[in-house]
Amino acid sequence: MSTPFTQRPTRIVVDLDAIAANLRAIRAHAGVPVMPIVKANAYGHGLLPVARHLQAQGAERFGVAFVEEGIALREAGITVPILVLGGIFAPQVTQFLAHDLEITVSSLSKLRQVEATAEAMGRRAAIHLKIDTGMERIGVHSDSAGAFIEAAVRSRWCEVRGVYSHLACADDPASAMTALQLERFLEACGHFERLDAPMPVRHLANSGGILHFPETHLDMVRPGILLYGVLPDADARAEVAVRPALSLVSQVVYFKVVRAGCSVGYGATWTPGRDTRVITVPIGYGDGWPRALSSRGQVLIRGRRHRLVGRVCMDQFMVDIGGDSAFNEDAVVLVGEQDGEAIRVEEVAVAAGTIPYEILVQLNERIPREYRGGQAAG
Ligand SMILES: *Cc1c(COP(=O)(O)O)cnc(C)c1O
C-alpha cells in the first residue's frame, strides 16, 4: 500500500500466513463455513493485502461494515460474496447492486427501498435479514420478525441468502444473555418454516460466540478479532489455537540521562527520584498509539520490558530504561516478540483502559505496513 512514510523505522509487520492459519483453525473448530470479517482496514492489518491473501487461501466470502469497504474489495479483484454488515441508506442501494455486494436489510422500509432500486435496475438484490435479539442496534425485533420475513421471502426483487443477528455479551462465558439471544433468533428463524420457505444461512457468532458458545455456530460464523490472533478481551481463554499476526516495531531515536528531579514530557507528570537513562521512541498518539498509555505502557528493548514515562506525545514517547543500556537505532517492540519476551495487544488494551479492538483499529495510515508470508504483499 502506498504511504509517504515508508522510510519510517516505525512499522507494522503483518504475518499473512498467521491470518490464513487462524482462518483454518477457526473453520476446524467451528465445523461450519466462515465469514472472515475485514472491516476497519482488516482490524488495522490492511484491508486489501489481507483479503487478497485469504481469497487465494480459499476464503469463501467476506464481511465488511460499509459499502465503501465492499467496493474497495471488488476493485481490488475480490470475487467471492461480500456482505456489508452495516445499516444502509437508500441512495447507496445502486452501489450495492452495481458491485454485487450483499445487503443487510434491517427493516421493512429498507426492504422496500432495496426492492424499488432493484426493480428500477432490473437486477435482483442479494440480501441478509438482520434480526435484533438484544443488541438494540439495527435489525427487526425478533418478536415482530414474522411480517418482515414474510415480505422478504415473497419479494420478487430480493434473494434472501442469509438471516442473522449479533451477540451483545459473547465475550462473557457466564452471561445468560447469549442463550436468550440464541432462543429469540431461532424463534425468528422458525418463520421460514412456517412460510414453507427455504431456510437461508443462519449466522450469529462473532469471536466471543466462536470461543465460548458452540451452540451459536449454526450455519456460519463471523470471526473478526480472532482471525487476527487476538482474543476479545484479556480474560478470554484461547479455545482455538490462533496466533497474533500483527507486530508493531520502532527504533530508539534518542538516548539521554535525566537527572534526579528533572521532569519528563508535557505537563511535567513524571520526575525520576534519581539519575536515570531515558530513551525516545518516534511514534505517538498521532499514529494511533494511545495517549492513555502515558506512564503505564511498556515496550521491549534488548529483550527486556521497560515502562513509558511522562505523557505520550503526538509523535514520540519516552521510556525509562533505568540502568540498562540502549543505543540509537536499537529495535523497540511495542507489540510482538523480542528475544523470547512478548507484548500482546490484549495487554496493551488493559494498560490503556480499553479493548484490544480499539488498539488495533486506531493504528493509522501514518504507519507503513510490511507483509510477511503469502504472495499477496503490496
Ligand atoms: C464486527 C462484527 C463481527 C466480528 O466481531 P468480532 O468480535 O471481532 O469477532 C461479527 N458480526 C458483526 C455483525 C460485526 O459487526
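Residues numbered from 1 in each chain as written. Predicted model: local features only at pLDDT ≥ 70, side-chain atom pairs only at ≥ 80, totals over all residues. Heavy atoms only, no water.

(A) Molecular detail of the overall build of the chain. The number of helices and strands found in the chain is eleven helices and 18 strands. Along the three orthogonal principal directions, the C-alpha set of the chain runs to about 80 × 45 × 40 Å. Split into buried and exposed, the 378 residues of the chain put 54% on the buried side. Counting only contacts in the chain whose residues sit at least 6 apart along the sequence, the fraction spanning at least 24 positions is 67%. (Helix = DSSP H or I, 4+ residues; strand = E, 2+ residues; numbered from the N terminus. Buried < 20%, exposed > 50% of the residue type's maximum accessible area, 1.4 Å probe, protein only. Contact = heavy atoms within 4.5 Å.)

(B) Representation of the site of the ligand within the structure. Around the ligand there are 13 residues in total, and Lys39, Tyr43, Ser207, Gly224 and Tyr357 lie nearest to it. A distance of 2.9 Å separates an oxygen atom of the ligand from a polar backbone atom of Ile225. Here the ligand has 390 Å² of accessible area as a free molecule, and 93% of this is covered by the chains. The residue inventory of the shell around the ligand, partitioned by class, reads six nonpolar, four polar and three charged. (Near = heavy atom within 4 Å. Polar contact = N/O pair within 3.5 Å; in protein donor to acceptor, adjacent residues only side chain to side chain. Areas by Shrake-Rupley, 256 points an atom, 1.4 Å probe, with all protein chains shown as cover. Nonpolar A, V, L, I, M, F, W, Y, C, P; charged D, E, K, R; others polar.)

(C) Quick look at the environment of Leu204. Along the polypeptide, Leu204 turns up in strand β8 (residues 201-205). Taking C-alpha positions, Leu204 is 10.0 Å from Ile131, a pair spaced 73 residues apart along the chain. For Leu204, the residues in contact, after removing those within four places along its chain, are Ser165, His166, Leu167, Leu182, Phe185, Thr216, Leu218, Met220 and Arg222.

(D) How the structure looks around the packing of helix α6 (residues 108-121) against helix α7 (residues 145-154). Close contact between α6 and α7 brings their axes to 10 Å; oriented N to C, the two are set at 10°. Accordingly, the angle class assigned to the pair α6 and α7 is roughly parallel. Between α6 and α7, the contacting residues are Leu108, Leu111 and Arg112 on the first element and Phe148, Ala151 and Ala152 on the second. For the contact of α6 with α7, the per-class residue count stands at five nonpolar, no polar and one charged. (Axes fitted to C-alpha atoms, helices over the stretch in contact; angles between N-to-C directions. Parallel < 35°, antiparallel > 145°, perpendicular 65-115°, else oblique.)

(E) Looking closely at the UniProt feature "active site" (unreviewed entry) in the chain. In this numbering, the UniProt entry assigns the feature "active site" (unreviewed entry) to Lys39 and Tyr266. Across 228 residues of sequence, these annotated residues are also dispersed in space, with a maximum C-alpha separation of 34.9 Å. When only the residues just named are considered, the largest pocket is lined by Lys39. Summarising the element assignment, Lys39 is placed in helix α2 (residues 39-43). (UniProt positions renumbered as here; feature names shortened; annotations may be inferred. 1 Å grid on protein atoms, 1.4 Å probe; cavity = no way out; pocket = protein on both sides within 12 Å on 5 of 7 lines; lining within 4 Å.)

(F) Expanded view of the domain arrangement of the chain. Each assigned domain of the chain is listed here: domain 1 (16-228) and domain 2 (246-343). The centre of domain 1, based on its C-alpha atoms, is set 41 Å off from the matching centre of domain 2. (Domains from an automatic or database assignment.)

(G) Geometry of the pairing of strand β1 (residues 11-15). Here β1 lies mainly inside the structure; four of its five residues are buried. In the sheet, β1 pairs with strand β18 (residues 369-372) via four bridges, with the strands oriented parallel. Looking at β18, one finds that Val13 is bridged to Glu370. (Pairing = 2+ DSSP bridges.)

(H) Looking closely at the UniProt feature "binding site: substrate" (unreviewed entry) in the chain. Those places that UniProt annotates as "binding site: substrate" (unreviewed entry) correspond, in this numbering, to Arg137 and Met314. A maximum C-alpha distance of 33.7 Å shows the annotated residues, which cover 178 residues in sequence, to be distributed over more than one spot. Of the residues named above, Arg137 line the largest cavity. Tracing the backbone shows Arg137 in the loop between β5 (125-132) and β6 (140-141). Overall, Arg137 belongs to the exposed group, its relative accessible area being 52%. Among residues more than four places away in sequence, those in contact with Arg137 are Lys130, Asp132 and His166.

(I) Examining empty space enclosed by the protein more closely. This model, assessed by the stated rule, comprises two cavities of 30 Å³ or more. One number sums up the size of the largest cavity: a volume of about 40 Å³. Taken together, Lys130, Ile131, Asp132, Thr133, Met135, Glu136, Arg137, Ile138, Ser165 and His166 form the lining of the largest cavity. Each residue belonging to the lining of the largest cavity can be placed in one class, and the counts come to three nonpolar, three polar and four charged. (Points joined across faces, edges and corners; volume = space filled by probe spheres on them.)

(J) Looking closely at the nonpolar core. Ranked by internal contacts, the top residues of the largest apolar core, which has 116 residues, are Ile103, Ile127, Leu129, Trp289 and Phe317. Broken down by element, the residue count for this core peaks at eight residues, all from helix α1 (residues 16-30). Taken together, domain 1 (16-228) and domain 2 (246-343) each give at least three residues to this core, which thus spans both. Ignoring any residue separated from it by four or fewer positions in sequence, one finds Ile127 in contact with Ile103, Val105, Leu111, Val114, Ala152, Cys158, Glu159, Val160, Arg161 and Gly162. Val258, Val264, Trp270 and Val309 belong to the second largest nonpolar core, which has seven residues in total. (Core = buried A, V, L, I, M, F, W, Y, C linked by side-chain atoms within 4.5 Å.)

(K) Spotlight on the pattern of salt bridges. Taken as a whole and judged by the stated rule, the model has 19 salt bridges. Salt-bridge contacts for Glu60 lead to Arg27; the nearest nitrogen and oxygen are separated by 3.5 Å. Here Glu60 is found in the loop between α3 (47-56) and β2 (62-64), whereas its partner Arg27 is found in helix α1, with 33 residues between them in sequence. Assessed through its relative accessible area of 40%, Glu60 is described here as partly exposed. Taking relative accessible area as the criterion, Arg27 reaches 28% and is therefore assigned partly exposed. (Salt bridge = Lys/Arg side-chain N within 4 Å of Asp/Glu carboxyl O.)

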